[in-house]
Amino acid sequence: MSSSVSPLAPKHVPDMPVIAGIRLATAEAGIRYKNRTDVLLAVMDKGTAVAGVFTKSKCPSAPVEWCRAKLKGGKARALVVNSGNANAFTGKTGRGSTALTAKIAAKAVGCGENEIFLASTGVIGEPLDATKFDGVLGRLAEAAEPSDWLAAAKAIMTTDTFPKVATATVKLGKAKVTINGMAKGAGMIAPDMATMLSFIFTDAPIAPAALQALLKSGVEDTFNAVTIDGDTSTSDTLLAFATGAAAAHGAPKISRAGDPRLKAFVKAFNGVLANLAEQVARDGEGARKLVEITVEGAKTKASARKIAMSIANSPLVKTAIAGEDANWGRVVMAVGKAGEPADRDKLSISFNGIRVAKSGARDPDYDEAQVSEAMKAPEIAIKVSLGLGKGRDRVMTCDLTKEYVAINGDYRS
């Protein structure tokens, strides 16, 4: 965890309201470091629905495999998250650690092990000593309170420089329902179904299948449209929990994602996902610039996404932005290598609203001083117009600085 907060961190941290049916507690379990909270326990009321999306990595962590298997039951009573150790690439030992953690948590909460969900983040390849949870989770279950959202977000941080939280309140039927979320992630970020770790909670009465559909759809233009360094984690986990407590106040029970009564809720739900995803980009390791890349005029949206990701993941583009250089040649390179339809002579590029290239050549009105001044801004918008169709997409990333190398060079030290 860095001692200095990213200059791109949000200026305002929202007050996180209580969600009926959710209680939180954190502790120092000594997983990797001393004198810092590194374990979170979230306790849910009986009947809480759960949904999840996970990494597509062929080398997933033991907690990812555990959650995939337990997701079929559709119900959750507790979530245990630890930082400092990812419990990934740990073989039978790792699977044993998840089983033991779930057993300890189930006893602490008073439920079945199939209602326990797990997530771990940190160093890959080192065994996780789950005996460190013995006693700790029991104390946390007794101490858990509904209001400890910021402490919970801090407990799951690794190289993050600030806790990431978001909230929204919206009407569902006659009742107000709340959506709270937290996330962690600053490096090894190129999500493929989720982000490193993120958890969404609501009191809306939504059935597991409907919640799963909402989550799968919502992640595509939020977490799956963010990249820091092009590396998909072994631990990517995004879980959503719905306690259903708002039903007591007039919220209708929702059994399908297409229910028209969900329209406002879906907008708010996706807004929380988008907010958290942007915070991940803002906290990219060593980042000094938040970068939004928009590709328009592509053959399809999918084509626009691939081209945007090619630009966002290019070390040459990202280092140019770090150097405040509007080097459109590097953007042209990234468009050309994406393997998607593109016509050099139709290509136009702009940085922060200033067009630097038009119809396959430097813009005749290009002004180096004007563009250089624009590149000093902390937020950079790159727009690429292909002129081939109606496909459009947007992704978020950050610049690539010397600090990124320093952080990752020292990560296990």
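A quick note: this is a predicted structure, and the numbers were derived from the prediction, not measured.

Caption draft 1: Structural context of the packing of helix 1 (residues 62–70) against helix 2 (residues 91–109). Their axes nearest at 9 Å, the elements helix 1 and helix 2 cross at an angle of 55 degrees. With respect to each other, helix 1 and helix 2 are oriented oblique. Seen from above, helix 1 lies across helix 2 with right-handed handedness. Counting all contacts with helix 1, which are made through Ala62, Pro63, Glu65 and Trp66, the residues of helix 2 involved are Gly94, Arg95, Thr98, Ala99 and Ala102. In the contact of helix 1 with helix 2, the residues fall into 5 nonpolar, 2 polar and 2 charged.

Caption draft 2: Region of the structure containing the packing of aromatic side chains. What the rule picks out here adds up to 5 aromatic pairs. With centroids separated by 5.3 Å and ring planes inclined at 70 degrees, the aromatic side chains of Trp149 and Phe201 adopt a geometry described as edge-to-face. With Trp149 in helix 4 (residues 149–155) and Phe201 in strand 7 (residues 197–202), this residue pair connects regions lying 52 residues apart in the sequence. Here Trp149 and Phe201 have matching classes, each one buried.

Caption draft 3: Molecular detail of the domain arrangement of the protein chain. Per the domain assignment, the segments making up the protein chain are domain 1 (22–283) and domain 2 (290–410). Distance from the C-alpha centre of domain 1 to the C-alpha centre of domain 2: 33 Å. Contact between domain 1 and domain 2 buries roughly 1,200 Å² in total, counting both sides, with carbon and sulfur atoms accounting for 51%. The largest per-residue losses of area from domain 1 upon contact with domain 2 belong to Ala225, Thr227 and Ile228, which jointly make up 37% of the total buried on that side. Taking the shortest distance from any N to any O, the salt bridge between Glu379 and Arg282 comes out at 2.8 Å. On the surface where domain 1 and domain 2 come into contact, there are 12 residue pairs in polar contact (both at pLDDT 80 or more). Split by residue class, the side of domain 1 that touches domain 2 holds 4 nonpolar, 4 polar and 5 charged.

Caption draft 4: Quick peek at the UniProt feature "binding site: substrate" (unreviewed entry) in the protein chain. Following the UniProt record, the feature "binding site: substrate" (unreviewed entry) maps to Thr158, Lys184, Thr195, Glu285, Asn408 and Ser413 here. Looking at the secondary structure, you find Thr158 in the loop between helix 4 and strand 5 (164–172). A relative accessible area of 9% places Thr158 in the buried class.

Caption draft 5: Layout of the pairing of strand 4 (residues 116–123). Counting buried positions along strand 4 gives 8 out of 8 residues, so the element sits mostly inside the fold. Here strand 3 (residues 75–85) pairs with strand 4 via 8 bridges, running parallel. Bridge pairing links Leu79 to Phe117 in strand 4. Viewed along the sheet, the connection from strand 3 through helix 2 into strand 4 turns out right-handed.

Caption draft 6: Broad picture of the nonpolar core. Judged by nonpolar contacts, the single largest core of 55 residues is most densely connected at Val39, Leu79, Met182, Phe199, Phe201 and Leu239. The greatest single-element share of this core, amounting to 8 residues, is contributed by strand 2 (residues 39–54). Leave out the neighbours within four places in its chain, and Met182 touches Leu40, Trp149, Ala152, Ala153, Ile156, Lys164, Val165, Leu197, Ser198, Phe199, Phe201 and Leu276. Counting residues in hydrophobic clusters, the runner-up holds 45 residues, among them Val226, Ala268, Leu290 and Met396.

Caption draft 7: Spatial organisation of the sheet that holds strand 12 (residues 361–362). With respect to topology, 6 strands assemble into an open sheet ordered 12-11-10-13-9-14, the strand pairing being mixed. Of all strands in the sheet, those with a lone pairing partner are strand 12 and strand 14 (391–398), marking the two edges. Relative to strand 13 (residues 379–385), strand 9 (residues 290–298) runs parallel, the two being bridged by 7 bridges. Note that in strand 13 the partner of Glu292 across the bridge is Ala381. Together, strand 9, strand 13 and strand 14 form the strand contacts of helix 8 (residues 315–322), whose direction differs from that of strand 13 by roughly 135 degrees. Packing of helix 9 (residues 328–337) onto the sheet brings it into contact with strand 10 (348–351), strand 11 (354–358), strand 12 and strand 13, and relative to strand 10 it is tilted by some 130 degrees.

Caption draft 8: Spotlight on a nonpolar patch on the surface. A surface patch of nonpolar side chains, about 310 Å² in accessible area, is lined by Phe89, Ile124 and Met188. When you line up the elements, Phe89 lands in the loop between strand 3 and helix 2. Its relative accessible area of 72% is what places Phe89 among the exposed residues.

Caption draft 9: Broad picture of unusual backbone geometry. Not every positive phi belongs to a glycine, and Asn35 is a case in point at roughly 60 degrees. Mapped onto the elements, Asn35 comes out in the loop between strand 1 (22–27) and strand 2. Relative accessible area serves as the criterion here: at 71%, Asn35 is assigned to the exposed category. Not every positive phi belongs to a glycine, and Asn352 is a case in point at roughly 50 degrees. On the secondary structure map, Asn352 appears in the loop between strand 10 and strand 11. We classify Asn352 as partly exposed; its relative accessible area is 27%.

Basis of the calculations
- Residues numbered from 1 in each chain as written.
- Predicted model: local features only at pLDDT ≥ 70, side-chain atom pairs only at ≥ 80, totals over all residues.
- Heavy atoms only, no water.
- Axes fitted to C-alpha atoms, helices over the stretch in contact; angles between N-to-C directions.
- Helix = DSSP H or I, 4+ residues; strand = E, 2+ residues; numbered from the N terminus.
- Parallel < 35°, antiparallel > 145°, perpendicular 65-115°, else oblique.
- Left-handed = near helix turned anticlockwise from the far one by under 90°.
- Contact = heavy atoms within 4.5 Å.
- Nonpolar A, V, L, I, M, F, W, Y, C, P; charged D, E, K, R; others polar.
- Phe/Tyr/Trp six-rings, centres within 6.5 Å; stacked < 30°, edge-to-face > 60°.
- Buried < 20%, exposed > 50% of the residue type's maximum accessible area, 1.4 Å probe, protein only.
- Domains from an automatic or database assignment.
- Buried area = accessible area lost by both parts, 1.4 Å probe.
- Salt bridge = Lys/Arg side-chain N within 4 Å of Asp/Glu carboxyl O.
- Polar contact = N/O pair within 3.5 Å; in protein donor to acceptor, adjacent residues only side chain to side chain.
- UniProt positions renumbered as here; feature names shortened; annotations may be inferred.
- Pairing = 2+ DSSP bridges.
- Right-handed = clockwise from strand over helix to strand, strands pointing away.
- Core = buried A, V, L, I, M, F, W, Y, C linked by side-chain atoms within 4.5 Å.
- Patch = residues over 30% accessible without salt bridge, like charges linked within 9 Å, V, L, I, M, F, W, Y side chains within 5 Å.
- Areas by Shrake-Rupley, 256 points an atom, 1.4 Å probe, with all protein chains shown as cover.

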